[in-house]
Amino acid sequence: MIDTILLRNQPEIIAESQAKRGNDPAILEEAIAADSKWRAAQSEFETLRAEQNRFNDQVKKATKEEKPALIAEVKELAGRVKAAAAKASELEAAAREAALRIENTVIAGVPAGGEENFVTLRTHGKPAEFDFEPRDHLELGEMLGAIDMERGAKVSGARFYFLRGVGAQLELALMNLALSKALANGFVPLITPTLVKPEIMQGTGFLGEHADEVYHLENQDLYLTGTSEVALAGYHADEILDLENGPLRYAGWSTCYRSEAGSHGKDTRGIIRVHQFNKLEMFVYTKPEDAEAEHDRLVAWQEEMLQALGLSYRVIDVAAGDLGSSAARKFDIEAWVPTQGAYRELTSTSNCTGYQARRLGTRYRGENGKTQPVATLNGTLATTRWIVALLETHQRADGSVAIPAALQPFMGGMTELRP
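What you see is a predicted model, and the numbers here were worked out from it, not measured in a lab.

> Go over the overall build of the chain with me, naming the residues and quoting the values.
Of regular secondary structure, the chain possesses 12 helices and 18 strands. With the C-alpha coordinates aligned to their principal axes, the bounding extent of the chain is approximately 105 × 45 × 40 Å. When the 419 residues of the chain are sorted by exposure, 49% land in the buried category. Pairs at least 24 residues apart make up 73% of the contacts formed inside the chain by residues separated by at least 6 positions. If you sum the accessible surface of the chain, you get close to 20,000 Å²; carbon and sulfur atoms cover 50% of it. If you average the places of the 46 positive and of the 60 negative side-chain charges in the chain, the two averages end up 5 Å apart.

Take a look at the structure:
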């Protein structure tokens, strides 16, 4: 959640962020009003409790004749204290609920606007060109016996698929290449749960306006995660972390689930937009002052991966209105997909500052010994969708596909895929 000190002392900063995101300003106004009511109720409770303590002291010192009247007053005051405590507790919950509706305050420099208002920071490589009519990833995948959409739909419905043979090998090779990159940079690998409790899903900010993207098992009251970020954010919930030796870095390997609500008719062909996929996700806990530098490091590791795979891409600074509720800044890397003549997202990397940590109670001790929220960051290091760009970029006229040298050790030494 947002910083309550900022809410009370510099609400104009949050207001500017809300405007950049295109959010309703009334949400902020309601949170300020709710916080003010709670603080007034808390002050009233503390005043009454102090008065109650003074009366208790008077009772102890009173004479036998004075005590009955004082005790009667103490009982009456006790009732008022109890009522004030209940009111303060109720208003505190309301203030927290109102604050939870405010999305993270964006970092200075994040472009305003919606999905189309991103800023391109840089591009790498020349988009692939062919002296033949290129095939799309699904046609190639079917020729190679790598992707089976028909049986995926038969078994599970639309937007499901089987990766088979070299397709399954290719995904595992991608994940293992990413894991080797993560290990070389000090990440601790985790295979995470894909079902989490409501408070963990809420804490990471995934039950806001995009809650309809999340699968919910009502009988168990558990949520299927759309990214291992959720479980990784919950891993240290309600803990005080030791960050004196640097950030804590985790690489979470998991299957991910997304309902793709609202995507009817979009990317219905192939494995670009599906309900289930695998991903290796980087997740970092660090001191707030180190978060932006760590964000740049995560992007650099992603770029190293894409360059090793011979993919052409661009890095974009995502506009505020297209950020998730937890992100204060997000960089996407989009690879060139030849048959679409467009860049498509392969990775997202978000700096969530202290937003998730406040909601989940994850802290560290600062120089003054006081606890404060850590900063959390997350970023994709490999996912199933990368197969789309790989197959299309490295295809040949006969339907074969060259395997990038970086992947070959993880593919049993294979140098190409052949129909």
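> Lay out the packing of aromatic side chains in plain terms, naming residues and giving numbers.
The geometry of an aromatic ring pair comes down to the distance between the two centres and the angle between the two planes. For the structure on display, the rule yields 6 aromatic pairs. Relative to Tyr-285, the ring of Tyr-250 lies with its centre 6.2 Å away and its plane at 85°, an arrangement referred to as edge-to-face. With a gap of 35 residues between them, Tyr-250 in strand 9 (residues 248–257) and Tyr-285 in strand 10 (residues 276–286) connect regions that are remote in the sequence. The burial state of Tyr-250 is the same as that of Tyr-285; both residues are buried. Look at Trp-336 and Tyr-343: their rings are 5.1 Å apart centre to centre, the planes differ by 75°, and that puts the pair in the edge-to-face class. Across the pair, Tyr-343 and Trp-336 agree in class, each one buried. Here the aromatic residues Tyr-235, Tyr-250, Phe-283 and Tyr-285 are joined through ring pairs into a cluster of three or more.

> Please set out the sheet that holds strand 9 residue by residue, giving values where relevant.
As summarised here, the arrangement of the 8 strands in space is 1-11-12-13-16-10-9-4, forming an open sheet in which the pairing is mixed. Every other strand in the sheet has two partners, leaving strand 1 (119–124) and strand 4 (188–191) as the edge strands with one partner each. The sheet shows a mean angle of 25° between the axes of neighbouring strands, taken without regard to direction. Of the pairings in the sheet, the one linking strand 12 (residues 329–337) to strand 13 (residues 342–351) comprises 9 bridges and is antiparallel in character. From the neighbouring strand, Arg-329 faces strand 13, where its bridge partner is Asn-351.

> How would you summarise helix 10 (residues 291–308) if you had to cite specific residues and measurements?
The terminal C-alpha atoms of helix 10, which comprises 18 residues, lie 26 Å apart, in line with the 26 Å expected from a rise of 1.5 Å per residue. All of the buried residues in helix 10 are Ala-291, Glu-294, His-295, Leu-298, Val-299, Trp-301, Gln-302, Glu-303, Met-305 and Leu-306. Of the residues trailing helix 10, Gly-310 is marked for its positive phi of about 70°.

> Give me the nonpolar core: which residues, what numbers.
With 57 residues, the main nonpolar core has Ile-147, Phe-187, Ile-271, Leu-309, Leu-391, Leu-407 and Leu-417 as its most contacted residues. A per-element tally of this core places helix 7 (residues 166–184) first, with 9 residues. In this structure Ile-271 touches His-137, Ile-147, Met-149, Tyr-161, Thr-384, Ile-387 and Val-388, once residues within four positions along its chain are discounted. Val-214, Tyr-250, Phe-283 and Tyr-285 belong to the second largest nonpolar core, which has 20 residues in total.

> Residues and numbers for the side chain of Lys-287, please.
Following the sequence through the fold, Lys-287 ends up in the loop between strand 10 and helix 10. Those residues in contact with Lys-287 that sit more than four places away from it in its chain are Leu-243, Glu-244, Tyr-364 and Ala-375.

> Now, about the environment of Lys-181: what can you tell me, with residues and values included?
Looking at where Lys-181 falls in the secondary structure, it is placed in helix 7. Along the backbone, Lys-181 and Leu-381 are 200 residues apart, and their C-alpha atoms lie at a distance of 8.6 Å. A polar atom in the side chain of Lys-181 sits 2.4 Å from the side chain of Glu-304.

> Can you break down the packing of helix 7 against helix 10 residue by residue, with the values?
The contact between helix 7 and helix 10 brings their axes to 11 Å, and the two run at 135°. Classified by the angle their axes make, helix 7 and helix 10 are oblique. Relative to helix 10, the crossing made by helix 7 is right-handed. On helix 10, the residues touching Leu-174, Leu-177, Ala-178 and Lys-181 of helix 7 are Trp-301, Glu-304 and Met-305. Split by residue class, the contact of helix 7 with helix 10 holds 5 nonpolar, no polar and 2 charged.

> Now, about the sheet that holds strand 5 (residues 195–196): what can you tell me, with residues and values included?
The 3 strands are arranged 5-7-6 in an open sheet whose pairing can be described as antiparallel. Here the strands that pair on one side only, and so sit at the sheet edges, are strand 5 and strand 6 (215–217). Looking at chain direction, strand 5 and strand 7 (residues 222–224) are connected through 2 bridges and run antiparallel. Counterpart to Val-196 in the pairing with strand 7 is Tyr-223.

> So, the layout of surface pockets: which residues are in play, and what are the values?
By volume, the second largest pocket is sized at about 380 Å³. Lining the second largest pocket we find 20 residues, and of these Asn-104, Thr-105, Thr-353, Gly-354 and Arg-358 sit closest to its centre. Listed by contribution, the elements that provide at least two residues to the lining of the second largest pocket are helix 10 and strand 15 (371–373). Along the lines of polarity and charge, the residues of the lining of the second largest pocket split into 11 nonpolar, 6 polar and 3 charged.

Calculation criteria
- Residues numbered from 1 in each chain as written.
- Predicted model: local features only at pLDDT ≥ 70, side-chain atom pairs only at ≥ 80, totals over all residues.
- Heavy atoms only, no water.
- Helix = DSSP H or I, 4+ residues; strand = E, 2+ residues; numbered from the N terminus.
- Buried < 20%, exposed > 50% of the residue type's maximum accessible area, 1.4 Å probe, protein only.
- Contact = heavy atoms within 4.5 Å.
- Areas by Shrake-Rupley, 256 points an atom, 1.4 Å probe, with all protein chains shown as cover.
- Lys, Arg positive; Asp, Glu negative; His and termini not counted.
- Charge placed at Lys NZ, Arg CZ, Asp CG, Glu CD.
- Phe/Tyr/Trp six-rings, centres within 6.5 Å; stacked < 30°, edge-to-face > 60°.
- Pairing = 2+ DSSP bridges.
- Axes fitted to C-alpha atoms, helices over the stretch in contact; angles between N-to-C directions.
- Expected span 1.5 Å × (residues − 1).
- Core = buried A, V, L, I, M, F, W, Y, C linked by side-chain atoms within 4.5 Å.
- Polar contact = N/O pair within 3.5 Å; in protein donor to acceptor, adjacent residues only side chain to side chain.
- Parallel < 35°, antiparallel > 145°, perpendicular 65-115°, else oblique.
- Left-handed = near helix turned anticlockwise from the far one by under 90°.
- Nonpolar A, V, L, I, M, F, W, Y, C, P; charged D, E, K, R; others polar.
- 1 Å grid on protein atoms, 1.4 Å probe; cavity = no way out; pocket = protein on both sides within 12 Å on 5 of 7 lines; lining within 4 Å.
- Points joined across faces, edges and corners; volume = space filled by probe spheres on them.

The quantities given are spatial measurements derived from coordinates; they are silent on function.
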